[in-house]
Amino acid sequence: MQAADIAGTVSEAGLTKLLTDLDSTLSATRSTLTANEFTDLQTIAANLNNGLSTSAYLTYAFNALVNGNAANATWTGGGANSVALGNLAVGSNATKLAELTGKWLQGTDLPSSKVTMSGYAPFSVSSSVVANPLFGASGPTMSDINQGYLGDCYFLSSCAEVANQNASIIDSMFTDNGNGTYGVRLYVNGAAEFVTVNASLADGGSIFNNATDIWASLAEKAYAQFQAGGLDTGNSVNYGDSYSTIGNGGSPAFALEALTGASAINEFIANGGSWLDYGLNASLSVTAYSAGGTTVSLLSTIAADLGAHDDVILSSYTNATDSSGRTTLVADHAMSVYGYDSASGDLEIRNPWGTEAGQTWDTTFEVSLSTLLSDGDVITTDNAGSTASSTKSIVASGQNNETFIFTPNFGQETLYGFQPTGAGSDVLQFAASAFGAGLTAANQSADWQALISPSHLTQNAAGSAVITDIYGDSLTLNGVSKTTLANSALAGDFKFV
């Protein structure tokens, strides 16, 4: 372990030397990993932060290498096809140890050289080292995103948006090992996971995202390698560690979660003349739902999100051009919503295609939210800029008889504009079991009595009622008092399923 310890800090180079020395011994003696050697590695993994300072990245990577990880099932190494690998174990040979070391610490488990995208002929790429800096002089910026020949707009538009709204998230995403390799942080279910990449890029960085710095290309490559541990794109296409996996489209919600670890994501879906709102948690499970949202209320939400440095992505489902005939909206394409023009009331959009000589599209343009509604588009937001306060806001549309659905583990929500009384009163729907063991939808009265009990219904300092369930979720009804909510006349405003 001393080889990996430099003044009390464990380094990537030190861990790599420890493992490559062991690998050399196995090769020279034509032997396999012994029980004692494997136990020693497990002991090191268990004590990386015992009297030592080891980054979350190296702690994760070394444990994945030694103790196992789903990504260990295969090795690609830039070949056309993956081959079986498997977790390290007693009896593992030098080749397995070398490939696992390459995968987790040296960044040599490159994505497949074969790329397959729906509607296009398969093609191959070759990788070569690019010497460009990780970041430019201004750090990560939106202009670093220039999508190439890969259908990953959902990921690159999210990269551009996060760089614009929260550059520190992108900056902290990378650990520069100082030897041409980088640890890259991505999130699953709100928890940080890591991969290691090297600076060897497909076709020298010219075919996919291209820029004068390489962070976005490395993020793109890391996201491809990340798929070896399990599909995380929002699409069903799965080639494992491959650009094909990320290059056949996907979901901005998955991309934003992977980049930011946001605790709440909302998808606003055009539905005729109004908007549906699906609230998602870090696991991308639906935790809240409302219908009938107006463009006015959604525009207010988007403007507030942008002001809070939350991320906003447009998924466009139509084509459009400006007065000069240059392309603006593109069907089946995701774009960053980087601003709100308060003078025009329009959203400011950036196409991840970026800039290119002879381009026929507008890199940036403005569009009204009402246009996006009529086009049947989708807006995705996260709360990455508001992590100091993880409460997400829901704004009622003002229409009568709206139903707001809250499933267990919906998190912390504040509902504005809830109408608790009158012929057009709104309805709150919960799982009956969220307010006590044994409660079922069969006895709505008992369920309501449990909800208004002191253990579940309180009032905050502003005088607004707060409903808390047994899962730790809380719903604040802005402007509605506890006394009002506990009135038996309002029992019908609650539905339990």
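Asks: What's the story with the layout of surface pockets in this structure? I'm lost.
Replies: Unoccupied space between atoms shows up once a probe the size of one water molecule is rolled over them. Estimates place the volume of the largest pocket at around 770 Å³. In terms of lining, the largest pocket is formed by 32 residues, of which the most central are Gln-147, Gly-151, Cys-153, Asp-332 and His-333. Of all elements in the fold, only helix 5 (153-165), strand 15 (312-316) and strand 16 (333-341) reach the threshold of two or more residues within the lining of the largest pocket.

Asks: Help me out: how do you make sense of the packing of helix 1 (residues 12-29) against helix 3 (residues 56-67) in this one?
Replies: Two quantities define a packed helix pair, namely the angle between the axes and the distance from one axis to the other. Orientation of helix 1 relative to helix 3, taken along the N-to-C sense of each, is 15°, at an axis distance of 11 Å. Considering the angle they form, helix 1 stands roughly parallel to helix 3. Crossing hand, helix 1 versus helix 3: right-handed. Taken together, the residues of helix 3 that come into contact with helix 1 (itself represented by Glu-12, Leu-15 and Leu-19) are Tyr-57, Leu-58, Phe-62 and Leu-65. Broken down by class, the residue content of the contact of helix 1 with helix 3 amounts to 6 nonpolar, no polar and 1 charged.

Asks: Where do I start with the sheet that holds strand 10 (residues 191-198) in this structure?
Replies: Strand pairing within a sheet occurs via backbone hydrogen bonds; the two strands may be parallel or antiparallel. Pairing within the open sheet is antiparallel, and its 3 strands lie in the order 8-9-10. In the strand order of this sheet, the two ends are held by strand 8 (174-176) and strand 10, each with one partner. Across this sheet, the average inter-strand angle for adjacent strands is 25°, counted without regard to direction. Across 3 bridges, the pairing between strand 8 and strand 9 (residues 181-188) is antiparallel. The residue bridging Asp-176 from the neighbouring strand is Tyr-182, located in strand 9. In this fold helix 4 (residues 94-106) packs onto strand 9 and strand 10, with an angle of close to 110° to the strand it touches most, strand 10.

Asks: Teacher, can you tell me more about the packing of aromatic side chains here?
Replies: Each aromatic ring pair is characterised by the separation of its centres together with the angle its planes make. Tallying each qualifying case throughout the model produces 14 aromatic pairs. On the basis of an interplanar angle of 50° and a centroid distance of 4.6 Å, the ring pair of Phe-208 and Tyr-243 is categorised as tilted. A residue pair is termed long-range when its members are at least 10 positions apart, and Phe-208 in the loop between strand 11 (200-202) and helix 7 (215-226) and Tyr-243 in helix 8 (residues 243-246) qualify at 35 residues. For Tyr-243, a relative accessible area of 4% corresponds to the buried category. One aromatic cluster is present, formed by Tyr-57, Tyr-60, Trp-104 and Phe-194 through successive ring pairs.

Asks: I keep staring at the pattern of salt bridges and nothing clicks. Help me out?
Replies: Should the charged atoms of two oppositely charged side chains come close, the side chains can pair. One pass over the structure, following the stated rule, counts 3 salt bridges. Its salt-bridge partner being Asp-21, residue Lys-17 comes within 2.7 Å of it at the nearest N-O pair. Here the residue Lys-17 and the residue Asp-21 both occupy positions in helix 1, the gap between them amounting to 4 residues, near one helical turn. On the basis of relative accessibility, which here comes to 44%, the residue Lys-17 falls in the partly exposed class. Judged by relative accessible area, which is 37%, Asp-21 ranks as partly exposed. Between Asp-362 and Arg-326 there is a salt bridge; the shortest N-O distance is 2.9 Å. Here Asp-362 is found in the loop between strand 17 (346-350) and strand 18 (364-367), whereas its partner Arg-326 is found in the loop between strand 15 and strand 16, with 36 residues between them in sequence. A relative accessible area of 13% means that Asp-362 is categorised as buried.

Calculation criteria
Residues numbered from 1 in each chain as written. Predicted model: local features only at pLDDT ≥ 70, side-chain atom pairs only at ≥ 80, totals over all residues. Heavy atoms only, no water. 1 Å grid on protein atoms, 1.4 Å probe; cavity = no way out; pocket = protein on both sides within 12 Å on 5 of 7 lines; lining within 4 Å. Points joined across faces, edges and corners; volume = space filled by probe spheres on them. Helix = DSSP H or I, 4+ residues; strand = E, 2+ residues; numbered from the N terminus. Axes fitted to C-alpha atoms, helices over the stretch in contact; angles between N-to-C directions. Parallel < 35°, antiparallel > 145°, perpendicular 65-115°, else oblique. Left-handed = near helix turned anticlockwise from the far one by under 90°. Contact = heavy atoms within 4.5 Å. Nonpolar A, V, L, I, M, F, W, Y, C, P; charged D, E, K, R; others polar. Pairing = 2+ DSSP bridges. Phe/Tyr/Trp six-rings, centres within 6.5 Å; stacked < 30°, edge-to-face > 60°. Buried < 20%, exposed > 50% of the residue type's maximum accessible area, 1.4 Å probe, protein only. Salt bridge = Lys/Arg side-chain N within 4 Å of Asp/Glu carboxyl O.

Honestly, it's all geometry; don't read function into it.
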